[in-house]
Amino acid sequence: RNCELQLKVVADLGDEKMMLGISKVTTLAHEVTVNRWKITGDRLKRLEEEVLRPWEDNVSVAQIELKAIEKRYKRSKEKRDLLVAKLENTFKVCNQIIHKIRKKQAKMADKKVENTSNRGVLGKMGRMLTQQREAKTEELAKKLTENAQSYYDQLSDVNEGLDKFDQECEHIAQIIQNIETQRLQFTRDSIQKWSEISLFYGNERKKRDEEVLSKSKAYSPEKDIHEYIEKVRNKLGNKPKSERFHYDLPYTLQDIKQGNLERRNSVFDNPLDQVMLLQRESDNPDVARLNVPAIVPVLISAIERLGGFVTEGIFRKSAAKKDLDRLKKQIDEGNYEINERNPHIPAGLLKLWIRHLPESLIPSTLYSDALSVAKKQEEISIADIQKFAEKIPLLNRAIIGYISNMALEVVKFKSKNLMSMNNIAIVFAPGLLQDPRGDAAAMLQNSKYEIKFTVALLSHFPLEELS
């Protein structure tokens, strides 16, 4: 403004005085410009030294801490998953040995009847073969006792590991909350400092800087994070505790040690052919005429009727063991009328039935084929699944068809039940696929491919062929 006044004065002067006046005005303008740049430079320097650099350092430290926490969580999760994988593997081995012993016992019973009617050389050879089978059965019984004891011991280790994992998750969540609170506090303080520096030097954005300063002072990181956590909890619910494992072998440890493995007419823990044989002998004509194990469509129908498809965490959340045992006993007695009120009970029993099959629904001979399909490409095509499905035995294929159709219906309501196809695959993959090698570390390593394959299988299974 001073320069403008000086220019108006010199405009009325003579040529010589005008030149002197202009020179004076130019000098004054130069001083103003230099001073303005100096003030701007000082302000920028303060902003960089007092605000930007400390804020960037704080963000970097927070990122380093969060990465360390992420690694800590992954290590804890891998430790938990390895314990569970070992337990699942031991359980499967026990069931397979039980199935082998049952088969051998049935053959020996038939041969004993045959040998008693045969005399001479044939009878003698038959008795020798029976003795050999008995010796092999004794070896299997010894192996079963060792694995059953290992399974029993692993149960307490796994459940203890799950408790530790849940506690670790709570501890990690609190650490992350503290890191975020501190980061937001530092960001708020940085914004306040920025506004204060800008106001100190004065500028045309004074009103805006005052408003920012006022709002930043009123902002509470603790309140903000608390409200955010409550909002997420209201939407997703509290994080459920890890599902605990119970003793699920078809015989008690004491019975196994004493060799009391009498054949039981149960649709649980038996191979599919045995389940279908029991079913055809059922007094219920509606059950006897079905070409798939009745337990599958009956339980799926009950889940849907009880509103399970829109129930939060269906299949992910578990039912009480006493409720599962009660319904299991009812079905084994031939009563397929499901009068439950909680959809988690039939859902839990369906998972249990699939998990207890001696052979997975996708035969172990096809395991490597399934894994190679999952590994060879990022997206598994519909054609790949249809081609793979042709290799699956017809009965197994029909059961998978029921599960696939149900999964597609459940996913339609994922905004309500919070179950995506990936979540459903995590639940059913262990019953669909089983690594025949029985290596827990390999099982853990391949689990991501098993889940990927199960997602594609349930999403693209050729249902029209099963109509």
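Here we summarise the structure given alongside this text. (Residues numbered from 1 in each chain as written. Predicted model: local features only at pLDDT ≥ 70, side-chain atom pairs only at ≥ 80, totals over all residues. Heavy atoms only, no water.)

### A look at helix H11 (residues 344-355)
Given a rise of 1.5 Å per residue, 12 residues ought to cover 16 Å, and the 16 Å separating the end C-alpha atoms of H11 matches this to within 8%. Of all 12 residues that make up H11, 12 are buried, and the element is covered over most of its length. All buried positions along H11 are accounted for by His344, Ile345, Pro346, Ala347, Gly348, Leu349, Leu350, Lys351, Leu352, Trp353, Ile354 and Arg355. (Helix = DSSP H or I, 4+ residues; strand = E, 2+ residues; numbered from the N terminus. Expected span 1.5 Å × (residues − 1). Buried < 20%, exposed > 50% of the residue type's maximum accessible area, 1.4 Å probe, protein only.)

### A few points about the packing of aromatic side chains
The full count for this structure, using the stated rule, is 6 aromatic pairs. Considering the side-chain rings of Phe91 and Tyr151, the 5.7 Å spacing of their centres and the 45° angle between planes classify their relative orientation as tilted. Note that Phe91 is positioned in helix H2 (residues 15-117) and Tyr151 in helix H3 (residues 120-201), a separation of 60 residues in sequence. Tyr151 sits in the buried class, given a relative accessible area of 0%. Sitting over the ring of Phe91, Arg355 keeps its end group 4.4 Å from the ring centre. (Phe/Tyr/Trp six-rings, centres within 6.5 Å; stacked < 30°, edge-to-face > 60°. Lys NZ or Arg CZ within 6 Å of the ring centre and 35° of its normal.)

### Considering the pattern of salt bridges
In this structure the tally under the stated criterion is 25 salt bridges. A salt bridge links Glu70 to Lys74; its shortest N-O distance comes to 3.8 Å. Placement of both Glu70 and Lys74 in helix H2 is noted, with a separation of 4 residues, approximately one turn of the helix. The class of Glu70 is partly exposed, set by a relative accessible area of 43%. Salt-bridge contacts for Lys412 lead to Glu409; the nearest nitrogen and oxygen are separated by 3.0 Å. Here Lys412 falls in the exposed class, since its relative accessible area comes to 59%. Classification of Glu409 as partly exposed rests on a relative accessible area of 25%. (Salt bridge = Lys/Arg side-chain N within 4 Å of Asp/Glu carboxyl O.)

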